[in-house]
Protein chains: 2
Amino acid sequence: METKKDSTEEKILEAAKNVFVAKGMEGARMQEIADEAGINKALLHYYFRTKERLFEAIFSGIIKLAFPKIMTIVQSEASIVSKIEQIVDAYIDLLIKHPFIPGFVLKELNRDPSGLFKLVVKFGLNPQSVFDQIEQAMDRGEIRRMKPQHLLSNIVSMCVFPFAARPILSFILFKDDPSALEAFYNERATVIKEFVINAIVIKK
Amino acid sequence: METKKDSTEEKILEAAKNVFVAKGMEGARMQEIADEAGINKALLHYYFRTKERLFEAIFSGIIKLAFPKIMTIVQSEASIVSKIEQIVDAYIDLLIKHPFIPGFVLKELNRDPSGLFKLVVKFGLNPQSVFDQIEQAMDRGEIRRMKPQHLLSNIVSMCVFPFAARPILSFILFKDDPSALEAFYNERATVIKEFVINAIVIKK
DNA sequence: GTCTATATCATGATAGAC
DNA sequence: GTCTATCATGATATAGAC
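Residues numbered from 1 in each chain as written. Chains lettered and ligands numbered in written order. Predicted model: local features only at pLDDT ≥ 70, side-chain atom pairs only at ≥ 80, totals over all residues. Heavy atoms only, no water.

Draft legend 1. Representation of the interface of chain B and chain A within the structure. At the junction of the two partners, chain B supplies 49 residues and chain A supplies 49 residues. Buried area between chain B and chain A, both sides added, is near 4500 Å², and the carbon and sulfur share of it is 70%. When the buried surface of chain B facing chain A is broken down by residue, His150(B), Phe161(B) and Phe195(B) rank first, second and third, together holding 15% of it. The tally of links between chain B and chain A comes to two salt bridges. Across the pair Glu187(B) and Lys147(A) runs a salt bridge, and its minimum N-O distance is 2.6 Å. Of all the secondary structure elements, the ones that give two or more residues to the side of chain B that touches chain A are helix 1 (8-27), helix 6 (101-111), helix 7 (114-123), helix 8 (127-139), helix 9 (148-164), helix 10 (166-173) and helix 11 (178-200) of chain B. At 13 residues, the largest contribution of residues to the side of chain B that touches chain A is made by helix 9 of chain B. When grouped by side-chain class, the residues that make up the side of chain B that touches chain A number 33 nonpolar, nine polar and seven charged. (Contact = heavy atoms within 4.5 Å. Buried area = accessible area lost by both parts, 1.4 Å probe. Salt bridge = Lys/Arg side-chain N within 4 Å of Asp/Glu carboxyl O. Helix = DSSP H or I, 4+ residues; strand = E, 2+ residues; numbered from the N terminus. Nonpolar A, V, L, I, M, F, W, Y, C, P; charged D, E, K, R; others polar.)

Structure representation (structure tokens):
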């Protein structure tokens, strides 16, 4: 995205990303994207035939940021606790760099989930192997017994939700103090890791 | 909402709630609301001058479902652990009855948070007293020390996020098996309470 | 209070000149 | 490839009859 190649297509994609992320698929206006890209509406339709196709190009680009990183960690040889720590670190790091992602993805997902489903299938993501790893760690007595789906939901929830609900946190928890909010996000990885480990690791 | 009073205004509110929740503020069409209420578009403008006003009536009605219940628990005399358990139970109970709320609220919040802010101010919700309660329990050695904002974020995240991300859970964790997903939601309160208590309670 | 008809406007999309 | 001009559609909003 940061390439110096300022071709018309690159300018459109950059402008479209900004507008779609800020306004969502339905709120975004082709006119606004054109203005932001410094061109006119007709050119948008020349490069991307419809608004829907332009949106899909942006949306899948954003979703693809998250998946591969997680997959690599899951498929490594580390212990389950170490994997959880790495995933939390990777997630929070990504979210601090792109804090708009959760709100955007949730919004468009509730509007039309089919785009995500196609991507999940395409990546060949297999949750069963993750469930198995968790079950085996439970069998070995390393962590407390619970349905893997609940454990995964808990971890992902704590990582993602505070970014999706940023306006609430900002106003209710931090009285619109931006530096306090930023500090909070920078502490999240450490806090979540400690919280999860206390919750699931069985003390000997 | 369930009153037998089927005046035009009631019919509009009911129809608008369905359409707004399904499509959001921007996706909702006045024509669709009119059809659903069995009237014509012009009457919508007669009862609620603009789409914005109609939306606000629906949105604040939904937000108001959540706040008072939580406030009552917070202001009670129970121990901090007991309050957490009660809040989780109350939250999950509400969300199982109205699973659409999180997605809807997050979507509209990222679009325009001013409506929520007005309501928070109106309810006189004071987070500082909650922070103080948590700090005092830490001083007494009842629970592990951490910033109250993180503890609250963790609890609310685990309650709310799985409902906001329902399409992801359904597809990735439960392969579109609706009964498994329903069972999962029914287990959430128990799982979250156990998880949080293991994470924060200091064993003697 | 309720409705029909219509004015007004914004948007996504296209045709055709250069 | 890029532009200007324009279309077709659908949405909000209002005027005014009953």
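Draft legend 2. Here's a closer look at the relation of the copies chain B and chain A. Relative to chain A, chain B is turned by 180° and slid 0.0 Å along the rotation axis, the superposed coordinates differing by an RMSD of 0.1 Å. Classification of the inter-copy transformation places it as that of a two-fold axis. Proximity to the rotation axis, assessed at the C-alpha, singles out Ala199(B) in chain B; its C-alpha lies 2.0 Å from the axis. In this assembly the copies share their binding face: 100% of the residues contributing to the interface of chain B also contribute to that of chain A. (Least-squares fit on C-alpha atoms with pLDDT ≥ 70 in both.)

Don't take any of this as a statement about function, it's just geometry.
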